[in-house]
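# A structural walkthrough
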Amino acid sequence: MTVTPHPAAPAASPELIAPDTWLIPHLVPAGEGLLLPVNSMVIRGREPVIVDTGAPAHRASWLDKAFSVVEPEDVRWIFLSHDDGDHTGALFDVLERCPQATLVTNWFSVERLALEKPALPLHRMRWIEPGGSFDAGDRVLQLFRPPVFDGPTSRGLFDPKSGAMWIVDSFACLTPGSLDARELPAELLANCMPALNSAVSPWHAWLDPQVYGRHVDAVEGYGARTVASAHGPVLRGETLDDAFDRLRQMAGASIIPTPGQGLLDQMLVAVMGEGVAA
Ligand SMILES: [Fe+2]
Ligand SMILES: [Fe+2]
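A brief structural summary. Here the structure is a predicted model, which is why all the values come from computation and not from measurement.

## Description of unusual backbone geometry
Unlike most non-glycine residues, Asp-20 shows phi in positive territory, near 65 degrees. Inspection of the secondary structure assignment puts Asp-20 in the loop between strand 1 (15–18) and strand 2 (21–24). Of note in the backbone geometry, Asp-52 takes a positive phi value of approximately 70 degrees without being a glycine.

## Thoughts on the sheet that holds strand 12 (residues 156–159)
Read from one edge of the open sheet, five strands run 10-11-12-13-14, paired in mixed fashion. Looking at which strands have only one partner, the edges of the open sheet turn out to be strand 10 (133–135) and strand 14 (226–228). Strand-to-strand twist in this sheet, taken as the mean axis angle between neighbours without regard to direction, amounts to 20 degrees. Pairing of strand 11 (residues 140–144) with strand 12 involves three bridges; the strand directions are antiparallel. Along strand 12, the bridge assignment pairs Gln-142 with Phe-158.

## As for the coordination of the iron ion (ligand 1)
In the first shell of the iron ion (ligand 1), the protein supplies His-82 (NE2), Asp-84 (OD), Asp-150 (OD), Asp-150 (OD) and Asp-169 (OD), at 2.0 to 2.7 Å from the metal. Sequence spacing of the donors to the iron ion (ligand 1): H-x1-D-x65-D-x18-D. Between the iron ion (ligand 1) and the iron ion (ligand 2) the interatomic distance amounts to 3.5 Å, and Asp-169 serves as a bridging ligand to the pair. Placement of the pair is Asp-84 in the loop between strand 7 (77–79) and helix 2 (91–97) and Asp-150 in the loop between strand 11 and strand 12, with a sequence separation of 66 residues.

## Here's the deal with the coordination of the iron ion (ligand 2)
For the iron ion (ligand 2), the protein coordination sphere consists of Asp-86 (OD), His-87 (NE2), Asp-169 (OD) and His-231 (NE2), at 2.1 to 2.3 Å. For the iron ion (ligand 2), the four donor atoms in the first shell make angles of 78 to 167 degrees at the metal, so the coordination geometry reads as irregular. Mapping the donors of the iron ion (ligand 2) onto the primary sequence gives the spacing D-H-x81-D-x61-H.

## What to know about helix 6 (residues 237–250)
For helix 6, which comprises 14 residues, the first-to-last C-alpha distance of 21 Å matches the rise-based estimate of 20 Å (1.5 Å per residue) to within 8%. Residues of helix 6 that are buried include every one of Thr-239, Leu-240, Ala-243, Phe-244, Arg-246, Leu-247 and Met-250, and no others. Taken down its axis, helix 6 places every buried residue within 155 degrees of arc, on the same side. Those residues of helix 6 that are exposed and aimed more than 90 degrees away from the buried face are Glu-238 and Gln-249. Buried residues along helix 6 sit in contact with helix 4 (186–200), helix 5 (209–220) and strand 14.

## Some thoughts on the sheet that holds strand 5 (residues 40–43)
Pairing is mixed across the open sheet formed by seven strands, whose spatial order is 1-2-5-6-7-8-9. Strands with a single pairing partner mark the edges of an open sheet, and in this sheet they are strand 1 and strand 9 (125–127). Adjacent strand axes in the sheet meet at a mean angle of 25 degrees when their direction is disregarded. Relative to strand 5, strand 2 is paired through four bridges, and the arrangement is antiparallel. Pairing of Thr-21 across the sheet is with Ile-43, part of strand 5. Along the sheet face, helix 1 (residues 59–69) touches strand 2, strand 5 and strand 6 (49–51) and points at about 165 degrees away from the line of strand 2.

## Here's the deal with the nonpolar core
Counting residues in hydrophobic clusters, the biggest one holds 28 residues, and the most contacted among them are Met-165, Ile-167, Phe-171, Val-227, Leu-235, Phe-244 and Leu-247. The set of elements that each furnish at least two residues to this core consists of helix 4, helix 5 and helix 6. The contacts of Leu-235, once residues within four sequence positions are left out, are Phe-171, Ala-181, Met-193, Arg-225, Thr-226, Val-227, Leu-240 and Ala-243.

Rules of the game
- Residues numbered from 1 in each chain as written.
- Chains lettered and ligands numbered in written order.
- Predicted model: local features only at pLDDT ≥ 70, side-chain atom pairs only at ≥ 80, totals over all residues.
- Heavy atoms only, no water.
- Helix = DSSP H or I, 4+ residues; strand = E, 2+ residues; numbered from the N terminus.
- Pairing = 2+ DSSP bridges.
- Axes fitted to C-alpha atoms, helices over the stretch in contact; angles between N-to-C directions.
- Donors = N, O, S within 2.8 Å, 3.2 Å for Na, K, Ca; no water.
- Tetrahedral: all angles 85-135°; square planar, octahedral: opposite > 155°, others 65-115°.
- Expected span 1.5 Å × (residues − 1).
- Buried < 20%, exposed > 50% of the residue type's maximum accessible area, 1.4 Å probe, protein only.
- Arc of directions from axis to C-beta.
- Contact = heavy atoms within 4.5 Å.
- Core = buried A, V, L, I, M, F, W, Y, C linked by side-chain atoms within 4.5 Å.

Here it is in structure tokens:
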């Protein structure tokens, strides 16, 4: 028997979030009327850039959405933020359908992916570390280490031309449906975002607030006006300022517990009826 605790996911269309910058969204039901965003991005400048390639569960739909905003043969860069499965879902399809594209990644991502996927084409990639950049024709995109991450290879991306930033797995937050943080209940942002930041990076409990604060300052100091992430709403203005402030408060704070057996029992009862859960 297949356990399917969630109803079908709602559709979400590509959305222009900053000049030349498209969010490629998917939404996954996450209980109690809330949805988990699973986003990636396309920068449609002189040399178009695909920023992450979605989750395997959304592969076909991701390809439809991404290639509705950019022609595959025009894509010149594939920026892989890190090697987690939910960011590499359509990676091989994109490499095949975008023969002009160079993959921007790093040594450790390639090493880790070699254990689970076919060999990546070394001759089509460039390895760039945090602090490095690459020239996409009409803009120089800058790599940085995100303030919250669940994989050691993670690199964010900042576009000084549009003011848009891809901050990867930082700033995750469930949503009732909107992907604009200004349309989300303030209470949801104040509670859910810290909980998911803590779930993604539980090592925050051992951080020195001053040292970590300097890293957060450096990321905020890029001056992004639009911040998109893989699992949260798009942040701008006050919601963005608040999100950076919440990050600083994580340093040295207790880990926020994630759901345990109690939730599993509830899910089993919801799907299979009373008397199933032990
Ligand atoms: Fe991740
Ligand atoms: Fe992710």
